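Single-letter residue listing:
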Amino acid sequence: MAKAYNSYVKRDTFKENISPNVKIWPIFSYGLSAIIFPNIYLGLGLIVFLFILAFFSKLFKGFTKIMLGFGIPITLMLIFIHGFYGSKNETILYDFGPVQLGLEGVLHALKIVSSLLVFLGTFYIMNHTTYTGKLVASLTASGVNPKVGYLVLASLNVVPQMQRKLSVIQEAQTARGVETKGSLWHRFKVFVPLLGPVVLSSLTDAQERGMTLETRGFGIKNVKQTHYVEVFYTKTDKIIKYMLIGFFIVTLIITILMRLSVI
Amino acid sequence: MREVVVKVEDLKFRYREGKKRALDGVSFEVFKGEFFCIIGANGSGKSTLCNALVGLVPYYFTGNKKGSVVIDGVDTDNSSIAELSQKIGLVFQNPFNQLSYTASNVAEELAYGLGNHGVPRDEMIKRVEYVAKLMRIDHILHKNPLELSGGQVQRVAFGSTFILEPNILVLDECTTQLDPLGSEEIFDIVKELNKTGITVIMVDHDMERVARCADRIMVLDKGKTVCIDTPDAIFSNPDIVNYNIEAPDYVSICKALKERGYYSGDYKITEEPTVEVVKEALVK
Ligand SMILES: Nc1ncnc2c1ncn2[C@@H]1O[C@H](COP(=O)(O)OP(=O)(O)OP(=O)(O)O)[C@@H](O)[C@H]1O
Ligand SMILES: [Mg+2]
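Here is what the cut-offs are and how they apply
- Residues numbered from 1 in each chain as written.
- Chains lettered and ligands numbered in written order.
- Predicted model: local features only at pLDDT ≥ 70, side-chain atom pairs only at ≥ 80, totals over all residues.
- Heavy atoms only, no water.
- Core = buried A, V, L, I, M, F, W, Y, C linked by side-chain atoms within 4.5 Å.
- Buried < 20%, exposed > 50% of the residue type's maximum accessible area, 1.4 Å probe, protein only.
- Domains from an automatic or database assignment.
- Contact = heavy atoms within 4.5 Å.
- Donors = N, O, S within 2.8 Å, 3.2 Å for Na, K, Ca; no water.
- Helix = DSSP H or I, 4+ residues; strand = E, 2+ residues; numbered from the N terminus.
- Patch = residues over 30% accessible without salt bridge, like charges linked within 9 Å, V, L, I, M, F, W, Y side chains within 5 Å.
- Areas by Shrake-Rupley, 256 points an atom, 1.4 Å probe, with all protein chains shown as cover.
- Salt bridge = Lys/Arg side-chain N within 4 Å of Asp/Glu carboxyl O.
- Near = heavy atom within 4 Å.
- Polar contact = N/O pair within 3.5 Å; in protein donor to acceptor, adjacent residues only side chain to side chain.
- Nonpolar A, V, L, I, M, F, W, Y, C, P; charged D, E, K, R; others polar.
- Phe/Tyr/Trp six-rings, centres within 6.5 Å; stacked < 30°, edge-to-face > 60°.
- Lys NZ or Arg CZ within 6 Å of the ring centre and 35° of its normal.

**Some remarks on the nonpolar core**
Generally speaking, nonpolar side chains in soluble globular proteins are found buried as a group.
Part 1 of the reasoning: Within the largest apolar cluster, 60 residues are counted, with the highest numbers of intra-cluster contacts made by B:Ile39, B:Leu110, B:Ile137, B:Phe158, B:Leu171, B:Ile217 and B:Phe235.
Part 2 of the reasoning: Among the domains, domain 1 (4–244) and domain 2 (248–284) of chain B are the pair contributing at least three residues each to this core.
Part 3 of the reasoning: Leaving out residues up to four positions away in the same chain, B:Phe235 has contacts with B:Ile39, B:Met207, B:Val210, B:Ala211, B:Ile217, B:Ile240, B:Ile245, B:Ala247, B:Pro248, B:Val251 and B:Ile269.
Part 4 of the reasoning: Judged by nonpolar contacts, the second largest core, of 32 residues, contains A:Met211, B:Val26, B:Phe92 and B:Met218.

**Some details on the coordination of the magnesium ion (ligand 2)**
All names here are of chain B.
Part 1 of the reasoning: Only Ser47 (OG) and Gln93 (OE1) from the protein reach the magnesium ion (ligand 2) as donors, at distances of 1.9 to 2.3 Å. Highlighted residues: Ser47 in helix α1 (residues 46–53) and Gln93 in the loop between β6 (88–91) and α4 (106–116), separated in sequence by 46 residues.
Part 2 of the reasoning: Overall, the relative accessible area of 33% leaves Gln93 in the partly exposed class.

**Some thoughts on the side chain of B:Arg155**
Part 1 of the reasoning: When you line up the elements, B:Arg155 lands in helix α6 (residues 150–162).
Part 2 of the reasoning: In contact with B:Arg155, not counting residues within four places along its chain, are B:Met135, B:Arg136, B:Ile137, B:Leu178, B:Gly182, B:Glu185 and B:Ile186.

**A closer look at a nonpolar patch on the surface**
Part 1 of the reasoning: A cluster of nonpolar side chains, namely A:Ile249, A:Leu252, A:Ile253, A:Ile256, A:Leu257, A:Leu260 and A:Val262, defines an oily patch on the protein surface of about 610 Å² accessible area.
Part 2 of the reasoning: Among the secondary structure elements, A:Val262 is positioned in the segment after α9 (235–259).

**Observations concerning the pattern of salt bridges**
Residues and elements named next belong to chain B.
Part 1 of the reasoning: In the structure shown here, the tally under the stated rule is 19 salt bridges over all chains.
Part 2 of the reasoning: Between Glu185 and Arg136 there is a salt bridge, and its shortest N-O distance comes to 3.1 Å. Placement of the pair is Glu185 in helix α7 (residues 180–195) and Arg136 in the loop between α5 (121–134) and α6, with a sequence separation of 49 residues.
Part 3 of the reasoning: You can call Glu185 partly exposed: its relative accessible area is 23%.
Part 4 of the reasoning: In this structure, Glu184 and Arg212 form a salt bridge, with 3.7 Å as the shortest nitrogen-oxygen distance. Residue Glu184 is located in helix α7, and its partner Arg212 is located in helix α8 (residues 207–213); the two are separated by 28 residues in the primary sequence.

**Regarding the site of ligand 1**
Residues and elements named next belong to chain B.
Part 1 of the reasoning: Taken together, 14 residues surround ligand 1, and among them Asn42, Gly43, Lys46, Ser47 and Thr48 come closest.
Part 2 of the reasoning: A distance of 3.2 Å separates a nitrogen atom of ligand 1 from a polar atom in the side chain of Glu17.
Part 3 of the reasoning: Within the side chain of Ser47, an N or O atom sits 2.8 Å from an oxygen atom of ligand 1.
Part 4 of the reasoning: Considering ligand 1 on its own, with 640 Å² of exposed area, one finds that the protein chains cover 64% of that surface.
Part 5 of the reasoning: Top element by residues in the shell around ligand 1 is α1. It accounts for three residues.
Part 6 of the reasoning: Its residues assigned to classes, the shell around ligand 1 shows three nonpolar, eight polar and three charged.

**Some details on the packing of aromatic side chains**
Two descriptors summarise a pair of aromatic rings, namely the distance from one centre to the other and the angle between the planes of the rings.
Part 1 of the reasoning: Under the definition given, this model contains 15 aromatic pairs over all chains.
Part 2 of the reasoning: For the pair A:Tyr30 and A:Phe247, a centre-to-centre distance of 5.6 Å together with 80 degrees between the ring planes defines the contact as edge-to-face. Placement of A:Tyr30 in helix α2 (residues 25–36) and of A:Phe247 in helix α9 is noted, with a sequence separation of 217 residues between them.
Part 3 of the reasoning: Look at A:Tyr30 and you get buried, because its relative accessible area is 11%.
Part 4 of the reasoning: An aromatic cluster is defined as three or more aromatic residues linked by ring pairs; in this entry it consists of A:Phe51, A:Phe55, A:Phe56, A:Phe60, A:Phe63 and A:Tyr124.
Part 5 of the reasoning: Over the aromatic face of B:Tyr267 sits the side chain of B:Lys258, whose NZ or CZ is 5.0 Å from the ring centroid.

Structure (structure tokens):
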């Protein structure tokens, strides 16, 4: 059946008490820092830090699963591409005969993977400790266009809506004697013809939805939207935000100095 | 002179995909505080008219519109749908159309319009609580609106419009998914709201209910205004069958008694007066 539209479950950890508005900053601060930094150590360090953060946010299991599930195959794939065929390969790590594994390529691959994992990890933690309604409320309260906020929320809701439609149709089919249970193959055969209409009607629904929103005052001029969910922005939030920005700036400066071979 | 809050003049509208006009010359006025009902067969244009009252026609449903709709002194042509929502609220025929699909629970759904109108949060919480109690949905406030039964959604839909406290409430068959008891409950609320001065414009297929509630009734046929009159006048008019409208059974009871010479007065349209008539006839 239809599920709540994000992965937030209340866990009462410190992370939840940070304003959602601030929680999107690490994605950029950590992610971009990992990308610009000349070597992979910052990225690796951040990943270790994220694991610790996940542990204290009571998300360790799921976090590990997603990081490994995504990290291992992508690492292998990138090492294969860049390690064997990277154009910058000079130092040969191992000679396989027809192909050689190059050090530069491997490092390049690890760099990409670590940056990706930093993005993925921060996003995962943000998503699991933030309730989307709150995030959007706090974004619009801080000046983001309500239309953008609507887009975010509505797209997150498309899936549960389709699930709802599917289950309604399946019920109707069962009532008319179509067997919707049974072997996987059988269920597949019953399910596939439904997909088209469900997706289509969800799209036309999106159109009808726009009209409701306006009859309920959406897009009214010269009124500042308010929110039922609590929007807060404390001093701690402010400090955290400046620390995150500071982190990125420091990384940037160190990067420039390293590139200029000053340090 | 009573204050006119809705004035529709020679309104014609053809949907862009439509061959015939859905509205083809509709004119009427609604007074402040009035309970105004609109009846007519399926496809006679009732929903289209409701959409025109809140500005969805022609902004949302595009097509060819002629004539004018004036709500509380403002021509819908000169106002946005969102601005109109401060004066007039519509409860849709299909309650699922009413949902914002951005709320993850019923409380947020109810509050959605308030947020757009910039109502402060403390006030919002109070109003949500009040409306939830009134609509008897306070036990499902935490539920996802997509996980409700049809009747529950209809209550949420009604509540989410009514919570905005519009002076004019348009109800397009807003109890189709409710059980008889549930729909009576909603109508009692509507009647209460009407007593406090809110103008109600209601589309409904239940003629007995219309006869009971309405101050005046407009009959719509193939997009045209056929007549506007009091319930007594409308339902005792034998011509209404031509428009696929069936008067409440009470009218046929009175008619039958009259034909047999047991009764000589006006046709009655509601239960109690009819009971009196029948009693009188029994004595004879
Ligand atoms: N979106 C649309 N596009 C094209 N034609 C439409 C649209 N909606 C309604 N119509 C047509 O306009 C006419 C009036 O429809 P409307 O829905 O207003 O009738 P109604 O009186 O509300 O009927 P019901 O009692 O079934 O609710 C119908 O002929 C219908 O086919
Ligand atoms: Mg209709």
